[in-house]
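Here are the chains, one letter per residue:
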Amino acid sequence: MSIADRLKDKTLYRTASFIDGAWVTGEGARPVHNPSTNEVIAEIGDVGADGARAAIAAASKAFADWKRVSPFERSKLLMKWHQLILENASDLAMLITLEMGKTFREAQGEVVYGASFIEWSAEEAKRIHGETMHPPFPNSRGWTTHQPVGVVACITPWNFPNAMITRKCAPALAAGCTMVLKPAPETPLSALALAELAKRAGIPDGVFNVICGDAQALGPVMTGAPEVKMIGFTGSTAVGKLLMRQAADGVKRVALELGGNAPFIVMDDADVEAAADGVIASKFRVSGQTCVSANRIIAQSGIADRLIAALEARVSALKPGDGFDASTDLGPLIHHQAVDRVDALVRNARESGARIVTGGKPLVDTLGGSFYAPTLIEGGSPSMDMACFEIFGPVASIYRADSEADILRLANDTPYGLAAYVYTRDVNRVYRITEGLDYGMIGVNAPMVGSASTPFGGMKESGIGREGGKWGVEEFSELKYVLLGNLTA
Ligand code: ADP
């Protein structure tokens, strides 16, 4: 059966870029793989630098009208898009599982999560307003307004092929910006299906464009074009730094959501069963391929053995497999290079003296696709590779520490500062530890931090700016101040 035939609505299977409301095929045929089966599920042409320029020109032309559309009307169009996404949720989830590999259950959750940003932003569009103030001059008034930034160029990753897009374009469009989006080459189908639904919702041509092609060719056009006023990016810290450098020439605004190295702290007084459940949710969701996945599980010495036992039972029971199999807990990694990377981290841990409690090997030969065994490691050193770099795989590693001060020092000993977690029942500890952690988001007795109404983003080398909530919309607005002076009293 062809991929389109697996969808209820075949026209959601789009394999061309979307520029100014039209489907543009581009050149060549870059294959998109199902990482669970290695099957080629689509071939996508490259629109090249000229395509990127055409999309930017379309977004720039559309901006002149879109910024004048009443926020109430923008809100209605976004709500229509939201409704269409929910009506087509199972097809969108199927595309996510096919191109990215996560379980269909997780993919369904992602579609709802992704849509929630559109709903939130649609509501927020009507509430973007300024303030009035008293300047220090006689007979004067001041006021502020929020103006859309302009054309925004966004580059997104493959781990949330749907939600990483809506989290950017919904607040951008709500604020009155237009967008050129480059999805990850591994997962273009979700982005293109969203474009199809945007068109059906009546979002005007040129307001939301999706371009597919070589990142090295498209990226510099996106960051260099004078019409582009802002770069939004989710991905690796290395690419984020590169984009920031490229954007510097035009002093463009940047919103960067980069890598993490999340500590998951379990204090002696924690509920060990709840903490173990939390580690599973945080670490093994999407097979560990999220930027907020627990990367270092730091257990206080008094609870470490009990936590390891609780985790061993849970991790060894996790079942890897194809995302469409209802009994699967964990899908594959995105590709074989990812499996090799994770395996190298595990080998390095072993060489550093760590003990593999369960797992610790690729399952490529056993299961076919790019699978890695759910793995639990203990006794590693905080200087081994997997403690310093994002694991991005289903490998949980436990580190022991004694005092609260040692735990905090260890947790902050990284250039990253995205998400952190702490499990404790002592409210004073909650206060001390959350004050001390240099992280943008902290889950206390909670393993997941993202939602449409809350700020998502990191400190240090984990990024700049926040997505979600009112903050997400503010990122796409310029504050303008007007002074009205010398009034007649
Ligand atoms: P990952 O290694 O997880 O794929 P990346 O940061 O390399 O993370 O990729 C995230 C997104 O950035 C993808 O859409 C990718 O195509 C894009 N990307 C990668 N390199 C560049 C580049 N030099 N310029 C612009 N975009 C890039």
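Structure: above.
Residues numbered from 1 in each chain as written. Predicted model: local features only at pLDDT ≥ 70, side-chain atom pairs only at ≥ 80, totals over all residues. Heavy atoms only, no water.

Draft legend 1. Spatial organisation of the packing of aromatic side chains. For the structure on display, the rule yields seven aromatic pairs. Between Phe104 and Phe324, the ring centres sit 5.8 Å apart and the planes meet at 40°, which makes this aromatic pair tilted. In this pair, Phe104 sits in helix 4 (residues 104-125) while Phe324 sits in the loop between helix 10 (301-317) and helix 11 (336-351), placing the two residues 220 residues apart along the sequence. When the centroid spacing of 5.1 Å and the interplanar angle of 20° are considered together, the rings of Phe264 and Tyr423 count as stacked. Remark: Tyr423 occurs in strand 18 (residues 419-423) and Phe264 occurs in strand 12 (residues 262-266); sequence separation between them is 159 residues. Accessibility classification places Phe264 together with Tyr423 in one group, the buried group. Three or more aromatic residues joined by ring pairs form one cluster here, namely Phe264, Tyr421 and Tyr423. For Arg6, the ring lying beneath its charged end belongs to Phe324, and the centroid distance is 5.0 Å. When the ring centre of Phe160 is taken as origin, the NZ or CZ atom of Lys102, which lies over that ring, is 3.9 Å away. (Phe/Tyr/Trp six-rings, centres within 6.5 Å; stacked < 30°, edge-to-face > 60°. Helix = DSSP H or I, 4+ residues; strand = E, 2+ residues; numbered from the N terminus. Buried < 20%, exposed > 50% of the residue type's maximum accessible area, 1.4 Å probe, protein only. Lys NZ or Arg CZ within 6 Å of the ring centre and 35° of its normal.)

Draft legend 2. Seen up close, the sheet that holds strand 16 (residues 395-401). Taken in spatial order, the seven strands line up as 14-15-16-13-12-18-19 in an open sheet, and their pairing is mixed. The outermost strands of the open sheet, each flanked by one partner alone, are strand 14 (355-358) and strand 19 (441-444). Each adjacent strand pair in this sheet contributes to an overall mean axis angle of 25°, direction not counted. Of the strands in this sheet, strand 12, strand 13 (294-300), strand 14, strand 15 (375-378) and strand 16 touch helix 10, which is tilted by about 135° from strand 13. The strands that helix 15 (residues 427-436) touches are strand 12, strand 13, strand 18 and strand 19; relative to strand 19, the one it contacts most, it runs at about 160°. (Pairing = 2+ DSSP bridges. Axes fitted to C-alpha atoms, helices over the stretch in contact; angles between N-to-C directions. Contact = heavy atoms within 4.5 Å.)

Draft legend 3. View of the packing of helix 3 (residues 89-100) against helix 4. Close contact between helix 3 and helix 4 brings their axes to 8 Å; oriented N to C, the two are set at 125°. In terms of their interaxial angle, helix 3 and helix 4 are classed as oblique. As for the relative orientation of helix 3 and helix 4, their crossing is right-handed in sense. Residues Ala89, Ser90, Leu92, Ala93, Met94, Ile96 and Thr97 of helix 3 lie in contact with helix 4, whose contacting residues are Phe104, Ala107, Gln108, Glu110 and Val111. Within the contact of helix 3 with helix 4, the residues separate by chemical class into eight nonpolar, three polar and one charged. (Parallel < 35°, antiparallel > 145°, perpendicular 65-115°, else oblique. Left-handed = near helix turned anticlockwise from the far one by under 90°. Nonpolar A, V, L, I, M, F, W, Y, C, P; charged D, E, K, R; others polar.)

Draft legend 4. Layout of unusual backbone geometry. Positive phi, close to 50°, is recorded for Val286, a residue that is not glycine. Relative to the helices and strands, Val286 resides in the loop between helix 9 (272-284) and strand 13. At Asn445, a position not held by glycine, the phi torsion is positive, near 55°. Position of Asn445 among the secondary structure elements: in the loop between strand 19 and strand 20 (459-460).

Draft legend 5. Highlighting helix 11. Its 16 residues give helix 11 an end-to-end C-alpha distance of 22 Å, which sits within 8% of 22 Å, the value for a rise of 1.5 Å per residue. Buried residues of helix 11: Ala338, Val339, Val342, Asp343, Leu345, Val346, Asn348 and Ala349, and no others. Its buried side turned inward, helix 11 meets strand 14, helix 12 (364-367), strand 15, helix 13 (385-388) and strand 16. A positive phi of about 100° marks Gly353, the residue just after helix 11. (Expected span 1.5 Å × (residues − 1).)

Draft legend 6. Region of interest: the nonpolar core. Core analysis: the largest hydrophobic core is formed by 85 residues, its most contacted members being Trp81, Ile85, Met179, Phe208 and Met386. When sequence neighbours within four positions are dropped, the list of residues in contact with Phe208 reads Phe18, Trp81, Ile165, Cys169, Met179, Leu181, Leu194, Ala195 and Ala198. (Core = buried A, V, L, I, M, F, W, Y, C linked by side-chain atoms within 4.5 Å.)

Draft legend 7. Spotlight on the environment of Glu110. With respect to the element layout, Glu110 can be found in helix 4. Residues Glu110 and Asn162, 52 residues apart in the sequence, show an inter-C-alpha distance of 7.1 Å. With residues up to four places along the chain from it excluded, the contact list for Glu110 reads Ile96, Lys102, Asn159, Phe160, Pro161, Asn162 and Ala163.

Draft legend 8. Fine view of the pairing of strand 11 (residues 253-257). For strand 11, a buried count of four out of five residues is recorded, marking the element as mostly surrounded by other parts of the structure. Of the pairings in the sheet, the one linking strand 10 (residues 228-234) to strand 11 comprises five bridges and is parallel in character. In the sheet register, Phe233 faces strand 11, and the bridge partner there is Leu256. Crossover strand 10 to strand 11 through helix 8 (residues 237-248) is right-handed. Where strand 11 and strand 21 (residues 463-464) come together, two bridges link them in antiparallel fashion. Residue pairing in the sheet places Leu256 in a bridge with Ile464 of strand 21. (Right-handed = clockwise from strand over helix to strand, strands pointing away.)

By themselves, these are just geometric observations and shouldn't be taken as functional.
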